[in-house]
Amino acid sequence: MVGYDPETKCVSSVEAAAAGSASGFVTRVLVSPLDVIKIRFQLQIEQLSSRNPGAKYHSILQAVQRIFREEGLVAFWKGHVPAQFLSVGYGAVQFMAFENLTKLVHHVTSYDARDSFVHFVCGGLAACTATVAVQPVDTLRTRFAAQGEPKIYRSLRHAVVSMYRTEGPRTFYRGLTPTIVAIFPYAGLQFYFYNILQQFSEWVMPAEGNKGGNVTNLVCGSCAGVISKTLTYPFDVFKKRLQVGGFEHARAAFGQVRTYRGLLDCMRQIMREEGPGGFFKGLSPSLLKAAVSTGLVFFWYELFCSLLCALKSTDSTRKKEG
């Protein structure tokens, strides 16, 4: 169902966008706590270890307990409103672009739209398009998830106005360079491995049919998310560090803060002060999130597309009978 298929395709671009939005919305509600923990880990300068007395967070369980104790249950959904705008917008643009790009490749080139390499390229391009469209919202989401108590931003509107007045319009695109550099291979690999794993599952269980299709989509999506996230993770750390630039006063309660002049300076400082391990801070909650979120995104997208196809088929049957 993911990508253009001339033999079974029944979902339009608008319907793909709607399915992508719905998939992003449901998934975001479920994975928001993991996202908050991941961001807190990525932004911590101190080593993620209980042996480091200056480190605020040591492990996933300890971070959950501390955030809950200091900030309450609602803290796990900090920045959820801009995050939902991000997920809904990103899902709509990404899947609509992916469907159109694979269709274009099928009709304009000699490549098969169902080929794994085509899914890699089209998936990467679709994600880049979606990223540029929602980057300002992603920056807002990161700021909300990163701030401690007392809050610097009281609401989404207050954050937008404050950031624009004090830092200028370019602040909404902080971290865009590492995001674009990372998102193409990350998203491309997601679609690539999802396609390969789906083909493998059909080869292993050819008689399974639609019986276990939803579970297969979830498992294939989860595995694709873990593989792609591991391969491209350092760029996600760079993006988060750059996005909170100029926001140091709100980070004081979490430990040390740093100011970076750009992507290369960020890489140099992390390597010098934190070592190679600094590039993979927050990897464990990130992989957990990637497994859950990517699996759920593909699961819900396929499910919503199937429902839309079923509705269209029912309407067509009624019209013929009428």
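Named according to an unreviewed UniProt entry, the chain is Mitochondrial thiamine pyrophosphate carrier originating from Baryphthengus martii. Regarding the chain, the relevant UniProt record gives this comment under Subcellular location (unreviewed entry): "Mitochondrion membrane". What the UniProt record of the chain gives under Function (unreviewed entry) is the line "Mitochondrial transporter mediating uptake of thiamine diphosphate into mitochondria. It is not clear if the antiporter activity is affected by the membrane potential or by the proton electrochemical gradient."

Chemist: Please explain a nonpolar patch on the surface as it appears in this structure.
Modeler: Residues Phe25, Val29, Leu30, Phe68, Leu73 and Trp77 make up a contiguous nonpolar surface patch of roughly 580 Å² in combined accessible area. Take the nonpolar patch: its biggest share by element is 3 residues, from helix α1 (residues 13-43). Secondary-structure assignment places Leu73 in the loop between α2 (60-71) and α3 (80-108).

Chemist: What exactly am I supposed to notice about the layout of surface pockets here?
Modeler: Over the atoms rolls a probe the size of a water molecule, and in doing so it shows where empty space is left. For the second largest pocket, the calculated volume is near 240 Å³. The greatest single-element share of the lining of the second largest pocket, amounting to 3 residues, is contributed by α3. By residue class, the composition of the lining of the second largest pocket is 8 nonpolar, 4 polar and 5 charged. The residues that make up the lining of the second largest pocket include at least three from each of domain 1 (7-77 + 274-314) and domain 2 (79-174).

Chemist: I would appreciate a short explanation of the domain arrangement of the chain in the present structure.
Modeler: Quite often, the size of an interface is put as the accessible area lost when its parts meet. What the domain assignment reports for the chain is domain 1 (7-77 + 274-314), domain 2 (79-174) and domain 3 (184-229). Look at where the C-alpha atoms of domain 1 and domain 2 centre, and you get two points 14 Å apart. At the interface, 21 residues of domain 1 touch 20 residues of domain 2. Taken together, both faces of the contact between domain 1 and domain 2 bury some 1,800 Å²; the carbon and sulfur share is 59%. If you look at where domain 1 meets domain 2, you find 0 salt bridges. The interface formed by domain 1 and domain 2 contains 6 residue pairs in polar contact (both at pLDDT 80 or more). At the level of secondary structure, the elements contributing two or more residues to the side of domain 1 that touches domain 2 comprise α1 and α9 (283-321).

Rules used throughout
Residues numbered from 1 in each chain as written. Predicted model: local features only at pLDDT ≥ 70, side-chain atom pairs only at ≥ 80, totals over all residues. Heavy atoms only, no water. UniProt positions renumbered as here; feature names shortened; annotations may be inferred. Patch = residues over 30% accessible without salt bridge, like charges linked within 9 Å, V, L, I, M, F, W, Y side chains within 5 Å. Areas by Shrake-Rupley, 256 points an atom, 1.4 Å probe, with all protein chains shown as cover. Salt bridge = Lys/Arg side-chain N within 4 Å of Asp/Glu carboxyl O. Helix = DSSP H or I, 4+ residues; strand = E, 2+ residues; numbered from the N terminus. 1 Å grid on protein atoms, 1.4 Å probe; cavity = no way out; pocket = protein on both sides within 12 Å on 5 of 7 lines; lining within 4 Å. Points joined across faces, edges and corners; volume = space filled by probe spheres on them. Nonpolar A, V, L, I, M, F, W, Y, C, P; charged D, E, K, R; others polar. Domains from an automatic or database assignment. Contact = heavy atoms within 4.5 Å. Buried area = accessible area lost by both parts, 1.4 Å probe. Polar contact = N/O pair within 3.5 Å; in protein donor to acceptor, adjacent residues only side chain to side chain.

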